[in-house]
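Each chain, letter by letter, is given below.
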Amino acid sequence: MMIHISADDTQSTLTNVKEDDVQPNAVDLRVDKIFQINPGVFVIGEEDGKEVKIHRGSSEIPTDGQGYWNLPAGTYEIVMENIINVGTDEAGWVITRSTLNRNGLFITSGLYDSGYHGVMAGALHVTAAARIKKGTRVGQFLLFKSQSLKKYDGDYGIGKIGR
C-alpha cells in the first residue's frame, strides 16, 4: 500500500521539503548536484563470500553563470537536496517527474530500504541535450508499507562509505 511521507502516521522523514513540493501522492525532490560518471570499467561480483564493488567514480559538473547544468545526451549521477530516513516496515523509490519524462529525461533509482538514512541519488538518463537549473523539481519520492525482515545495512547512507 502506498502511503504519503507527509502523513501523520508514517515513520519516515524527509528533509528540505518546501510547501509546494507536497503533491497529492508523493513529494517532489529538487536537484542539488549532478556528476559526470567517469569512464572505465565498473566491477561487481562476489569473491570468498563477500561482495566486491569497484565504482567508476564521478566528477561533479559545475553549473553555468545562470545556475544551469548544460547536459549533452548521456547518463549522469544525480543527487537531490533531500535526506531520507526510512522508517520500519516502510520502503520507497524515486520516480521521474512527468515533465522530464515527456522530454526524454529519466531518473532511475534503487529501492530505499527500511532503515536507510542518507542522501537520495540515482541515475539521470538524458536522451537529448538538456538544461536543468539547480534546485529544480526533477523527481518524486514514493513511500509504501513493506514487510521488512531487517533494517538496511548497505554501503550508502549517512556514516557509510558511499556517497
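Described in the following lines is the structure provided in the data block. Keep in mind it's a predicted model, so treat the numbers as computed, not measured.

Looking now at the overall build of the protein. A tally of regular secondary structure across the protein gives one helix and 13 strands. Of the regular secondary structure in the protein, the N- to C-terminal order runs β-β-β-β-β-β-β-β-β-α-β-β-β-β. For the protein, the C-alpha radius of gyration of 16 Å lies close to 15 Å, the compact-globule estimate for 163 residues. Taken along its principal axes, the extent of the C-alpha atoms in the protein is 50 × 45 × 25 Å. Every one of the 163 residues in the protein was classed for burial, and the buried ones make up 35%. Looking at the protein alone, contacts between residues at least 24 apart form 72% of all its contacts between residues at least 6 apart. Surface accessibility of the protein: about 9400 Å² in total, with carbon and sulfur atoms responsible for 51%. For the protein, the centre of its 17 positive side-chain charges and the centre of its 20 negative side-chain charges are spaced 5 Å apart.

This part is about the pattern of salt bridges. If the charged atoms of two oppositely charged side chains come close together, the side chains can form a pair. On inspection of all chains with the given rule, the structure shows eight salt bridges. Here arginine 30 and aspartate 20 are joined by a salt bridge, their closest N and O atoms 3.4 Å apart. In this pair, arginine 30 is assigned in strand β3 (residues 27-37) and aspartate 20 in the loop between β2 (13-14) and β3, connecting sequence segments ten residues apart. With relative accessibility at 44%, the residue aspartate 20 sits in the partly exposed group. A salt bridge links arginine 131 to aspartate 64, with the shortest nitrogen-to-oxygen separation between them at 3.2 Å. One end of the pair, arginine 131, is in strand β12 (residues 130-133); the other, aspartate 64, is in the loop between β6 (58-60) and β7 (68-71), and 67 residues separate them in sequence. Take aspartate 64: its relative accessible area is 24%, and that puts it in the partly exposed class. Salt bridges sharing partners connect three or more residues here, namely Asp20, Asp21 and Arg30.

Further remarks concern a nonpolar patch on the surface. There is a patch of nonpolar side chains on the surface, built from Val41, Val43 and Ile54 and spanning about 260 Å² of accessible area. Within the element layout of this structure, valine 41 appears in the loop between β3 and β4 (43-47).

Applying the stated criterion to the full structure yields three aromatic pairs. Aromatic side chains tyrosine 112 and tyrosine 116 sit 5.4 Å apart centroid to centroid with 65° between the ring planes, which places their arrangement in the edge-to-face category. One exposure class covers both tyrosine 112 and tyrosine 116, and it is buried. In this structure an aromatic cluster arises from ring pairing among Tyr112, Tyr116 and Phe141. Above the face of the tyrosine 68 ring, arginine 131 is positioned so that its terminal group lies 4.2 Å from the ring centre.

It is worth spelling out the environment of proline 39 at this point. If you trace the backbone, proline 39 turns up in the loop between β3 and β4. Proline 39 sits in the exposed class, given a relative accessible area of 77%. On a C-alpha basis, the gap between proline 39 and glycine 157 in space is 24 Å, while along the polypeptide they are 118 residues apart.

The biggest cluster of nonpolar side chains holds 29 residues, and the ones touching the most others in it are Ile34, Leu71, Ile84, Met120, Leu124 and Phe141. The set of elements that each furnish at least two residues to this core consists of β3, β7, β8 (74-85), β10 (105-108), β11 (117-126), β12 and β13 (137-145). Beyond its immediate chain neighbours, meaning those up to four positions away, leucine 71 contacts Ile34, Ile61, Tyr76, Leu124, Val126, Ala128, Ala129, Ala130 and Ile132.

So, how was this worked out
Residues numbered from 1 in each chain as written. Predicted model: local features only at pLDDT ≥ 70, side-chain atom pairs only at ≥ 80, totals over all residues. Heavy atoms only, no water. Helix = DSSP H or I, 4+ residues; strand = E, 2+ residues; numbered from the N terminus. Rg over C-alpha atoms; globule rule 2.2 N^0.38 Å. Buried < 20%, exposed > 50% of the residue type's maximum accessible area, 1.4 Å probe, protein only. Contact = heavy atoms within 4.5 Å. Areas by Shrake-Rupley, 256 points an atom, 1.4 Å probe, with all protein chains shown as cover. Lys, Arg positive; Asp, Glu negative; His and termini not counted. Charge placed at Lys NZ, Arg CZ, Asp CG, Glu CD. Salt bridge = Lys/Arg side-chain N within 4 Å of Asp/Glu carboxyl O. Patch = residues over 30% accessible without salt bridge, like charges linked within 9 Å, V, L, I, M, F, W, Y side chains within 5 Å. Phe/Tyr/Trp six-rings, centres within 6.5 Å; stacked < 30°, edge-to-face > 60°. Lys NZ or Arg CZ within 6 Å of the ring centre and 35° of its normal. Core = buried A, V, L, I, M, F, W, Y, C linked by side-chain atoms within 4.5 Å.

On their own, these measurements won't tell you what the molecule is for.
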